[in-house]
Amino acid sequence: MRMILLAVILSWCTSMACAEAIHESARGGRLDEVKSILKESPFLRNAVDASGQTPAVLAAGAGHLAVVEYLLSIGVKVDDPTTTKKTMLHAACENGKLEMAKALVLKHRANVKAKDERDLQPIHFAAQKDPLALLQFMIDQRADVNAQSNVGATPLMGAVNKKFKPQVELLLKYKADPNKTGELQRTALHYAVLNKDKALVELLLKAGAKVGAKNSDGNTALDLAKAANLTDITAL
């Protein structure tokens, strides 16, 4: 019995070490190591690390297409989620990996409207990253420009928060709604004023943003501008 218990413990320790190794190898794009580990322990192909990430999601986020293609070839599904419901496409968009996003969607038919645990879709991340072509690609693939998270956040709000003017312009071009409300009932215009970004305020106003929309404190974007003495914005 003692020998059996020892064997189980040794096996468990080996598995834990391999699990850690597979994540590091996948993140680092070391395909030979990934293949070697999974040859011995194929069950680790969907193993999660301490933060709930899978080897495939880590590889996708780092842009390692060869590793991703291999994992997909041995049974990993393109929309397999992490413990936070993030997919490979979420990770690719979150890290600005355009070619990875293209491969996942065009070749492997990744779901462009997959939702993570906060109901964030890949386009939410693409709106906050360069290159701009990544956001254009997601829009071309019919991602929802008005997708909202569980607190109401939209891709437009994210782009405004990051002060990414080209992304804001692109989203507005494809009819992103500037009057959607998110956390604390804020609109994209509230965020533009909070960021003291006159150029984005002008863009949003031209796109039909409502000056009278109130946040959860009862303040309009104009109220916020006046309170912060943003005379260049209040003059618009």
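To start, this report covers the structure provided alongside it. On a predicted model such as this, the values are computed, not experimentally measured, just so you know. (Residues numbered from 1 in each chain as written. Predicted model: local features only at pLDDT ≥ 70, side-chain atom pairs only at ≥ 80, totals over all residues. Heavy atoms only, no water.)

1. Topic: the overall build of the protein
- Along the protein, the regular secondary structure elements total 14 helices and zero strands.
- Shown N-terminal to C-terminal, the secondary structure of the protein runs as helices and strands in the order α-α-α-α-α-α-α-α-α-α-α-α-α-α.
- Relative to the globule expectation of 18 Å for 236 residues, the C-alpha radius of gyration of the protein, 22 Å, shows a markedly less compact shape.
- With the C-alpha coordinates aligned to their principal axes, the bounding extent of the protein is approximately 80 × 40 × 20 Å.
- Burial analysis of the protein (236 residues in total) assigns 44% to the buried set.
- The long-range fraction of contacts in the protein, counting pairs at least 24 apart against all pairs at least 6 apart in sequence, stands at 65%. (Helix = DSSP H or I, 4+ residues; strand = E, 2+ residues; numbered from the N terminus. Rg over C-alpha atoms; globule rule 2.2 N^0.38 Å. Buried < 20%, exposed > 50% of the residue type's maximum accessible area, 1.4 Å probe, protein only. Contact = heavy atoms within 4.5 Å.)

2. Considering the layout of surface pockets
- By volume, the largest pocket amounts to about 250 Å³.
- Per-class residue counts for the lining of the largest pocket are six nonpolar, seven polar and two charged. (1 Å grid on protein atoms, 1.4 Å probe; cavity = no way out; pocket = protein on both sides within 12 Å on 5 of 7 lines; lining within 4 Å. Points joined across faces, edges and corners; volume = space filled by probe spheres on them. Nonpolar A, V, L, I, M, F, W, Y, C, P; charged D, E, K, R; others polar.)

3. Some details on a nonpolar patch on the surface
- Residues Leu205, Val211 and Leu236 make up a contiguous nonpolar surface patch of about 210 Å² in total accessible area.
- Here Val211 shows up in the loop between helix H12 (198–206) and helix H13 (221–227).
- Using a relative accessible area of 38% as the deciding quantity, one classes Val211 as partly exposed. (Patch = residues over 30% accessible without salt bridge, like charges linked within 9 Å, V, L, I, M, F, W, Y side chains within 5 Å. Areas by Shrake-Rupley, 256 points an atom, 1.4 Å probe, with all protein chains shown as cover. Salt bridge = Lys/Arg side-chain N within 4 Å of Asp/Glu carboxyl O.)

4. Section: the pattern of salt bridges
- Inspection of the entire model under this criterion finds six salt bridges.
- The closest approach of N and O atoms between Arg27 and Glu24, which form a salt bridge, is 2.7 Å. Of this pair, Arg27 and Glu24 are both found in helix H1 (residues 2–28), three residues apart, which corresponds to roughly one turn of the helix.
- Residue class for Glu24 comes out partly exposed when judged on its relative accessible area of 40%.
- The salt bridge partner of Glu94 is Lys86, with a shortest N-O separation of 2.8 Å.
- By relative accessible area, which is 16% here, Lys86 ends up buried.
- One connected set of salt bridges, linked through shared partners, spans Glu24, Arg27 and Asp49.

5. Some details on helix H4 (residues 65–73)
- The complete set of buried residues in H4 reads Val67, Val68, Tyr70, Leu71 and Leu72.
- Of the residues flanking the end of H4, it is Gly75, one or two places downstream, whose phi is positive at about 120°.

6. Some words on helix H10 (residues 165–173)
- For H10, the set of buried residues is Gln167, Val168, Leu170, Leu171 and Leu172.
- On the buried face of H10, the contacting elements are helix H8 (132–140), helix H9 (155–161) and H12.

7. Here we look at the packing of H4 against helix H6 (residues 98–107)
- Two numbers describe how H4 lies on H6: the axes approach to 10 Å, and their chain directions differ by 25°. The angle between H4 and H6 places the two elements in the roughly parallel class. Here the hand of the crossing between H4 and H6 comes out right-handed. Contacts between H4 and H6 pair Leu65, Val68 and Glu69 from the former with Met100, Ala103, Leu104 and Lys107 from the latter.
- Partitioning the contact of H4 with H6 into residue classes produces five nonpolar, no polar and two charged. (Axes fitted to C-alpha atoms, helices over the stretch in contact; angles between N-to-C directions. Parallel < 35°, antiparallel > 145°, perpendicular 65-115°, else oblique. Left-handed = near helix turned anticlockwise from the far one by under 90°.)

8. Considering the packing of helix H2 (residues 31–40) against H4
- Two elements in contact, H2 and H4, have axes whose closest approach is 9 Å; the angle formed by their N-to-C orientations is 25°. For the element pair H2 / H4, the angle class is roughly parallel. Remark: the crossing between H2 and H4 carries right-handed chirality. For the pair H2 and H4, the contacting residues are Leu31, Val34, Lys35 and Leu38 in the first and Ala66, Val67, Tyr70 and Leu71 in the second.
- For the contact of H2 with H4, the residue count by class is seven nonpolar, no polar and one charged.

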